[in-house]
Amino acid sequence: MDTKVLSSGIRYSNLPESYVRPESERPRLSEVSECEDVPVIDLGCEDRTHIIQQICHACMQYGFFQVINHGVSKETVEKMLQVAHDFFELPLEEKLKLYSDDPSKTMRLSTSFNVNKEKVHNWRDYLRLHCYPLHKYVPEWPSNPPPFKDIVSNYCVEVRELGYRLQELISQSLGLEKDYIKNVLGEQGQHMAVNYYPPCPEPELTYGLPGHTDPNALTILLQDLQVAGLQVLKDGKWLAVNPQPDAFVINIGDQLQALSNGRYKSVWHRAVVNADKERMSVASFLCPFDRALISPAKPLTEDGCEAVYRDFTYAEYYSKFWSRNLDQEHCLELFKN
Ligand code: OGA
Ligand code: NI
């Protein structure tokens, strides 16, 4: 392949060798069924206790859920998806100015996951941004398309608000003080991955993203409404989470699994690709500040319940995560007591 990214305008007729998974690791798409009972939580509901119960159930049974009436305006969401789309439509030379495969960069266009560490590549390009504090990072964001900075800044502010609300609800659903999670995570970082999955000539042989858990605290995912591709692992089976209008998919990240002493699951999920249509998604990640000390919440390790994980700082966890390949064992396993 002669370009660094997939979104070059070339339509491939065969899957290049470096994307082909060994037989045993392929997605087996025909065996995937639709997740019929994705928890959909209405955050506009006036009964807070009911919302908290639903969150508790969803986090224990699924590790993910969808939210509606979440407070992020429809206009903000539509503009975000449009500008993300316009970005990937830019001429290749324009995009390549932003290309980097160095995960420590705070703004970069890249491809696959970790091109220098992985054996097999993934059928994805992505734009990765740091988003908090905005005044620090917006200047380095793409200035093309021209409205990009404004639209994405707005989106980030509204999504962060939603993230805080969810963390309060999640804290309470664990029987903790409303501000418990916020207090432990400190001044939270916010990152964004704008994912672009081009049509793939042989979707049975590869992934957009292979099965992984998110290393952060909480992920707020905006899925393309037209094209499905997100799948989650439940009871050993991969299930498709089809996009639902006006909803975000929320998933618990590794840090909340550790903080909840394993009660809530950082769910395994993956993105599969298809032969006909490009797919986009926008993932927003809330992350503990670097020196945040992650340990199981005290009230959850009383009554003879042992701490499942040792204490660690987020910086330690994050560098471990990026030193590995995406589809290895759960990174948290390395922090078990
Ligand atoms: C991610 C992710 C899923 C998707 O970016 O971490 O899991 O549907 N994305 O794009
Ligand atoms: Ni993910």
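The numbering scheme is per chain: residues are counted from 1 as the chain's sequence reads. Chains carry letters from A onward and ligands carry numbers from 1 onward, assigned in written order. Given that the model is predicted, a residue must reach a pLDDT of at least 70 before its local features are reported, and side-chain atom pairs must reach 80 or more before they are shown or counted; all residues, however, enter totals for whole chains, interfaces and linings.

(A) Spatial organisation of the overall build of the chain. The way it works is that DSSP assigns letters per residue, a run of H or I at least four long becomes a helix, a run of E at least two long becomes a strand, and they are numbered from the N terminus. Looking only at helices and strands, the chain features eight helices and 15 strands. Relative to the compact-globule value of 20 Å for 337 residues, the chain shows a C-alpha radius of gyration of 19 Å, a close match. When the backbone C-alpha atoms are referred to their principal axes, the chain occupies close to 60 × 45 × 35 Å. Three classes are used. A residue is buried when 20 or more other C-beta atoms lie within 10 Å of its own, exposed when 12 or fewer do, and partly exposed in between, with C-beta atoms placed from the backbone. Within the span of the chain, comprising 337 residues, buried residues form 44% of the whole. Each residue gets a C-beta atom placed from its backbone, and two residues are in contact if those atoms lie within 7 Å. Sequence-distant contacts, at least 24 apart, represent 77% of the contacts inside the chain between residues at least 6 apart. Each radius of gyration reported is based on C-alpha atoms, and the globular scaling rule is 2.2 Å times the count of residues to the power 0.38.

(B) Fine view of the site of ligand 1. A residue counts as near a molecule or strand when its C-beta atom, positioned from the backbone, falls within 6 Å of it. Ala193, Asn195, Leu209, Asp214, Leu221, Gln223, Gly229, Leu230, His269, Ala271, Ser281 and Ala283 make up every residue found near ligand 1. Elements that contribute at least two residues to the shell around ligand 1 include exactly strand E6 (189-197), strand E8 (218-223), strand E12 (269-271) and strand E13 (279-287). In terms of residue class, the shell around ligand 1 is built from six nonpolar, five polar and one charged. Just so you know the grouping, Ala, Val, Leu, Ile, Met, Phe, Trp, Tyr, Cys and Pro go in nonpolar, Asp, Glu, Lys and Arg go in charged, and all remaining residues, Gly too, go in polar.

(C) Spotlight on helix H5 (residues 148-173). One fewer than the residue count of a helix, multiplied by 1.5 Å, yields its expected span. With 26 residues, H5 extends 37 Å between its outermost C-alpha atoms, agreeing within 8% with the 38 Å of an ideal straight helix rising 1.5 Å per residue. The first or second residue beyond H5 is Gly175, which carries a positive phi of 80°.

(D) Spatial organisation of the nonpolar core. Throughout this description, the term nonpolar core refers to a group of buried Ala, Val, Leu, Ile, Met, Phe, Trp, Tyr and Cys residues whose C-beta atoms join them within 7 Å. Met80, Val194 and Ile250 are the most contacted members of the largest nonpolar core, which totals 90 residues. With nine residues, H5 is the single largest residue contributor to this core. Dropping the residues within four chain positions of it, Ile250 is found in contact with Phe64, Phe65, Val67, Leu166, Leu218, Thr219 and Ile220.

(E) Region of interest: the UniProt feature "domain: Fe2OG dioxygenase" (unreviewed entry) in the chain. UniProt positions are given in the numbering used here, feature names are shortened, and annotations may be inferred rather than shown by experiment. UniProt records the feature "domain: Fe2OG dioxygenase" (unreviewed entry) for residues 188-288 in the present numbering. The distance separating the terminal C-alpha atoms of residues 188-288 is 5 Å; by composition the span is 6% helix and 45% strand.

(F) The arrangement of helix H2 (residues 74-89) in detail. Between its first and last C-alpha atoms H2 spans 23 Å; for 16 residues at 1.5 Å apiece the expected length is 22 Å, and the two agree. Of all the residues in H2, the buried ones are Met80, Leu81, Val83, Ala84, Phe87 and Phe88. Elements that come into contact with the buried residues of H2 comprise strand E5 (125-130), H5, E6, E8 and E13.

(G) Examining the sheet that holds strand E11 (residues 248-252) more closely. Strands sit in the order E2-E3-E11-E8-E13-E6-E5-E4 across an open sheet of eight strands; the sheet is mixed. Because the sheet does not close on itself, it has two edges, and the strands there are strand E2 (40-42) and strand E4 (107-111). Taken pair by pair, the neighbouring strands of this sheet meet at an average axis angle of 25°, ignoring direction. To define axes, lines are fitted to C-alpha atoms, for helices over the stretch in contact only, and angles between the resulting N-to-C directions are given on a 0 to 180 degree scale. Sheet strands touched by helix H1 (residues 48-61): E2, strand E3 (64-68) and E11. Its angle to E2, the strand with the most contacts, is close to 160°. Against the sheet, H5 contacts E6, E8, E11 and E13, and its axis sits at roughly 130° relative to E8. Strand pairing follows a simple DSSP-based rule, namely that at least 2 bridges must link the two strands.

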